[in-house]
Amino acid sequence: MIPDKLIRLSKSVIGDAEKKAVMGVLDREYLGMGKEVQEFEDLLTRHFNRPAVCVNTGTAALHLALQALGIGPGDEVLVQSLTYVASFQAISATGVRPVACEVDPSTITIDIKDAKKRLTDRTKVIMPVHYASGMGELDDIYAFAKENGLRVVEDAAHAFGGYYNGKKVGSFGDIACFSFDGIKNITSGEGGAIVTDDETVLQKIRDARLLGVEKDTEKRYSGERSWDFDVRYQGWRYHMSNIMAAIGIEQFKRLPEFATRRQSLAKRYRNNLGSIDSIELLDLDLSNIVPHIFVIKLKSGKRDDIRRLLLEQGIQTGVHYQPNHILSLYNGDNKSLPVTEELFHKLLSLPLHPDLKETDIDYICSKLIECLD
Ligand SMILES: *Cc1c(COP(=O)(O)O)cnc(C)c1O
């Protein structure tokens, strides 16, 4: 029996400002890509101190970033197997082979030593995933990429609002992709953004998000569109709408509030669970990140039993993630990744979103400890 009142694993947190902003767009009856999208991009560009381009999902952001690098069939991208299937789908959408790598179990970010072993002359990109908002050894990844002439596309879907070595994630490095789907650190309903200094990549992405129609972005931001145009490469309908951007603008203003809330809830989990022998916590610097999910490792590996017991107590949990190299689409070479496969069975995500109370965290922790006993 699942109780009526469920503590949700994650959820959107939407206030009157977001509702009013959406009504404003509906009242003006210009729903597509126009001035709200431009305004949201301007806010993000100021936030990162370099250009940001908005699209309709984080997956589209990753896909367009890879496409803009000009990679395709025959090329390879290094990526950790333990990530959301979106990372893999974005890579395979370009016709490129995702090369599944192990993770460092302490941070669940890509194991650079393992990635080095999988480097071939077809490798063009490495895609570090900022798992649970942590960046792992990002400096080492950039050093490795530089040595081997690779581009870096950061899957920063979890990491909006975080800092690495004192620098805002997305404000430095090659290309960073963010997600604003309903449960991420901020949301635009669905949505995503690409951030980079690379002007060629930026222009290709601005065109490719609107069916490859050259320079359509500028037109749409002034309420017009192109009737006379050229198309040079494959594009998609990946642009963000004004409705989405209106939500995103209001959510962006709330980042400090969400960040403080998520940090303090995650810290409370760590205080409550830090001394429990059967639990291992990730190696994360919670003061410098905005935690998107709260993941623990259960040494016993009895994850699925614990999940069922917690659900009976009204606590919804999750598993981030099933390794991708075991999925039918990606297991072509039947590769085995022993570290990832062992780790996967231990991973448990506990509820984390800004509407949770301290008392919810204490309740969840006490029930979890009970279940473990
Ligand atoms: C959410 C997420 C994405 C994709 O973002 P969407 O906006 O949902 O398409 C990509 N990678 C990771 C790790 C994610 O969590």
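J.: Any details on a nonpolar patch on the surface? Residues and values, ideally.
T.: On the surface, Met 23, Leu 26 and Leu 31 cluster together into a nonpolar patch covering about 250 Å² of accessible area. Here Leu 26 shows up in helix α1 (residues 16–28).

J.: Kindly report on the domain arrangement of the chain, identifying the contributing residues and their values.
T.: Entries for the chain in the domain assignment read domain 1 (16–253) and domain 2 (255–372). Distance between the C-alpha centres of domain 1 and domain 2: 25 Å. Each partner contributes to the interface: domain 1 provides 38 residues, whereas domain 2 provides 32 residues. For the pair domain 1 and domain 2, the summed buried surface comes to about 3000 Å²; carbon and sulfur atoms form 60% of the total. Ranking the residues of domain 1 by area buried against domain 2 places Leu 82, Glu 102 and Asn 185 at the top, with a combined share of 19%. If you look at where domain 1 meets domain 2, you find 0 salt bridges. Remark: the boundary between domain 1 and domain 2 carries 20 residue pairs in polar contact (both at pLDDT 80 or more). Among the elements of the structure, α4 (85–93), β3 (97–101) and α9 (242–253) are those that each provide at least two residues to the side of domain 1 that touches domain 2. For the side of domain 1 that touches domain 2, the leading source of residues is β3, giving 5 residues.

J.: A description of the nonpolar core should follow, citing residues and the corresponding values.
T.: Soluble globular proteins tend to bury their nonpolar side chains together. Core analysis: the largest hydrophobic core is formed by 80 residues, its most contacted members being Phe 40, Leu 44, Ile 126, Leu 273 and Leu 350. Looking at this core element by element, the count peaks at 6 residues for helix α10 (residues 255–273). Summarising the domain contributions, this core has at least three residues from each of domain 1 (16–253) and domain 2 (255–372). Ignoring any residue separated from it by four or fewer positions in sequence, one finds Leu 44 in contact with Ala 52, Cys 54, Phe 160, Phe 180, Ala 193 and Phe 252. Listed in part, the 32 residues of the second largest apolar core include Leu 66, Phe 88, Val 96 and Ile 175.

J.: Can you lay out the site of the ligand for me, pointing to particular residues and giving the numbers?
T.: Near the ligand lie 16 residues; those nearest to it are Gly 58, Thr 59, Asp 155, Ser 179 and Lys 184. Coverage of the ligand by the protein amounts to 94% of the 380 Å² it exposes when considered alone. Of all the secondary-structure elements, those providing two or more residues to the shell around the ligand are α3 (58–68) and α4. When grouped by side-chain class, the residues that make up the shell around the ligand number 5 nonpolar, 8 polar and 3 charged.

J.: Lay out the pairing of strand β2 (residues 76–80) with the relevant residues and their values.
T.: Every regular strand shows the same layout, with side chains that alternate between the two sheet faces. Among the 5 residues that make up β2, 5 are buried, leaving the element largely enclosed by the rest of the structure. Covered by surrounding structure in β2 are Glu 76, Leu 78 and Gln 80 together with Val 77 and Val 79, the residues of both alternating faces. Where β2 and β3 come together, 5 bridges link them in parallel fashion. Considered in β3, the bridge of Val 79 is made with Ala 100. Crossover handedness for the path β2 to α4 to β3: right-handed. Bridge count between β2 and strand β6 (residues 123–127): 4 bridges; the pairing is parallel. Residue pairing for β6: Val 79 is matched across the bridge by Met 127.

J.: Go over the packing of α3 against helix α7 (residues 199–208), please, and point to the residues and values.
T.: Contact pair α3 / α7: the axes reach a minimum separation of 9 Å and the direction vectors enclose 125°. When the interaxial angle is binned, α3 and α7 end up oblique. The chirality of how α3 crosses α7 is right-handed. Here Leu 64, Ala 65, Gln 67 and Ala 68 of α3 come into contact with α7, specifically with Val 201, Lys 204, Ile 205 and Ala 208.

Basis of the calculations
- Residues numbered from 1 in each chain as written.
- Predicted model: local features only at pLDDT ≥ 70, side-chain atom pairs only at ≥ 80, totals over all residues.
- Heavy atoms only, no water.
- Patch = residues over 30% accessible without salt bridge, like charges linked within 9 Å, V, L, I, M, F, W, Y side chains within 5 Å.
- Areas by Shrake-Rupley, 256 points an atom, 1.4 Å probe, with all protein chains shown as cover.
- Salt bridge = Lys/Arg side-chain N within 4 Å of Asp/Glu carboxyl O.
- Helix = DSSP H or I, 4+ residues; strand = E, 2+ residues; numbered from the N terminus.
- Domains from an automatic or database assignment.
- Contact = heavy atoms within 4.5 Å.
- Buried area = accessible area lost by both parts, 1.4 Å probe.
- Polar contact = N/O pair within 3.5 Å; in protein donor to acceptor, adjacent residues only side chain to side chain.
- Core = buried A, V, L, I, M, F, W, Y, C linked by side-chain atoms within 4.5 Å.
- Buried < 20%, exposed > 50% of the residue type's maximum accessible area, 1.4 Å probe, protein only.
- Near = heavy atom within 4 Å.
- Nonpolar A, V, L, I, M, F, W, Y, C, P; charged D, E, K, R; others polar.
- Pairing = 2+ DSSP bridges.
- Right-handed = clockwise from strand over helix to strand, strands pointing away.
- Axes fitted to C-alpha atoms, helices over the stretch in contact; angles between N-to-C directions.
- Parallel < 35°, antiparallel > 145°, perpendicular 65-115°, else oblique.
- Left-handed = near helix turned anticlockwise from the far one by under 90°.

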